[in-house]
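Architecture at a glance
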Amino acid sequence: MKHFFRNTKERMLDQKRDPVLDNLDGGITTIEYPEEVRPYPERFRGLHRLTIRDDGSPRCVACLCCSTACPAQCIHIEPEEYPDGDERRGYERYPAKFVIDELRCVFCGFCVQACPCDAIRMDTGMHPTAYDSRDQFIYDKDILVEMPSRDGGRRTANPRHEPGDPTHPGISRDHDH
Ligand code: SF4
Ligand code: SF4
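Let me begin by describing the structure that accompanies this report. (Residues numbered from 1 in each chain as written. Chains lettered and ligands numbered in written order. Predicted model: local features only at pLDDT ≥ 70, side-chain atom pairs only at ≥ 80, totals over all residues. Heavy atoms only, no water.)

Some thoughts on the sheet that holds strand S2 (residues 75-81)
In spatial order, the strands read S2-S3-S5; together these 3 strands make up an open sheet with antiparallel pairing. Either end of the sheet is taken by a strand with one partner, and the two such strands are S2 and strand S5 (138-139). One ladder, built from 2 bridges, connects strand S3 (residues 93-101) with S5; its direction is antiparallel. Paired with Asp-101 across the strands is Ile-138, a residue of S5. (Pairing = 2+ DSSP bridges. Helix = DSSP H or I, 4+ residues; strand = E, 2+ residues; numbered from the N terminus.)

See the structure below:
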């Protein structure tokens, strides 16, 4: 804290030395993070997001593949059945609860690889914001669906065929078999 106030005072009074210029001859460059941030490489994954359908709901069908594949066991999902009469009932479920503990995550990307629906992605290019409690690193469904990808979108280019749509490849319930 003392260091912070001294830095701030020096900066305000324009007394702060520039470590980059000070060490220019030696070839050492110092970045004063977080005041200065360098662009991340394109291959940097970043935080998770849950992709959405056209109606804004998550594409996730609560199959638990991601939480099963996760080596850090930091994904918690509570699947729920759609109500009677809903075309999706019996084909898929939805995540009543979907939580990722970003502090336990090792950013391996296995969850993304395991997902059969392109419902979870790590293409935000963002790292977690600094918080003062562990609870704030536990991202729930509402946070995850609001996370944008690098290009600002919340969808994915992969098409999704909803149960009941003519394009849906699932079996018809009207068949006799
Ligand atoms: S990136 Fe790896 S550790 Fe993190 S939630 Fe996905 S599977 Fe788990
Ligand atoms: S995010 Fe994908 S893998 Fe995880 S539960 Fe949802 S559909 Fe399954």
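Remarks on a nonpolar patch on the surface
Judged by side-chain polarity, Ile-31, Tyr-33, Val-37 and Tyr-40 come together as a nonpolar surface patch covering roughly 390 Å² of accessible area. With respect to the secondary-structure elements, Ile-31 resides in the loop between helix H2 (19-22) and strand S1 (49-50). On the accessibility criterion, Ile-31 (38% relative accessible area) is partly exposed. (Patch = residues over 30% accessible without salt bridge, like charges linked within 9 Å, V, L, I, M, F, W, Y side chains within 5 Å. Areas by Shrake-Rupley, 256 points an atom, 1.4 Å probe, with all protein chains shown as cover. Salt bridge = Lys/Arg side-chain N within 4 Å of Asp/Glu carboxyl O. Buried < 20%, exposed > 50% of the residue type's maximum accessible area, 1.4 Å probe, protein only.)

Some remarks on the pairing of S3
By the bridge criterion, 7 bridges tie S2 to S3 in an arrangement that is antiparallel. Note on S3: the bridge partner recorded for Ile-75 is Ile-100.

Considerations on the nonpolar core
Counting 25 residues, the largest nonpolar core has Ile-75, Phe-98, Ile-100 and Ile-120 as its most contacted members. If you list the elements that add at least two residues to this core, you get S2, S3 and helix H5 (141-146). With residues up to four places along the chain from it excluded, the contact list for Ile-100 reads His-48, Cys-74, Ile-75, Ile-120, Phe-137, Ile-138, Tyr-139 and Leu-144. (Core = buried A, V, L, I, M, F, W, Y, C linked by side-chain atoms within 4.5 Å. Contact = heavy atoms within 4.5 Å.)

Brief notes about unusual backbone geometry
Even without being a glycine, Ala-62 presents a positive backbone phi close to 55 degrees. Tracing the backbone shows Ala-62 in the loop between S1 and helix H3 (65-69). One non-glycine residue, Asp-118, lies in positive phi territory at about 50 degrees. Inspection of the secondary structure assignment puts Asp-118 in the loop between helix H4 (110-114) and strand S4 (120-121).

What about the site of ligand 2?
Close to ligand 2 lie 13 residues; Cys-60, Cys-63, Leu-64, Cys-66 and Cys-115 are nearest. Considering only residue class, the shell around ligand 2 consists of 13 nonpolar, no polar and no charged. (Near = heavy atom within 4 Å. Nonpolar A, V, L, I, M, F, W, Y, C, P; charged D, E, K, R; others polar.)

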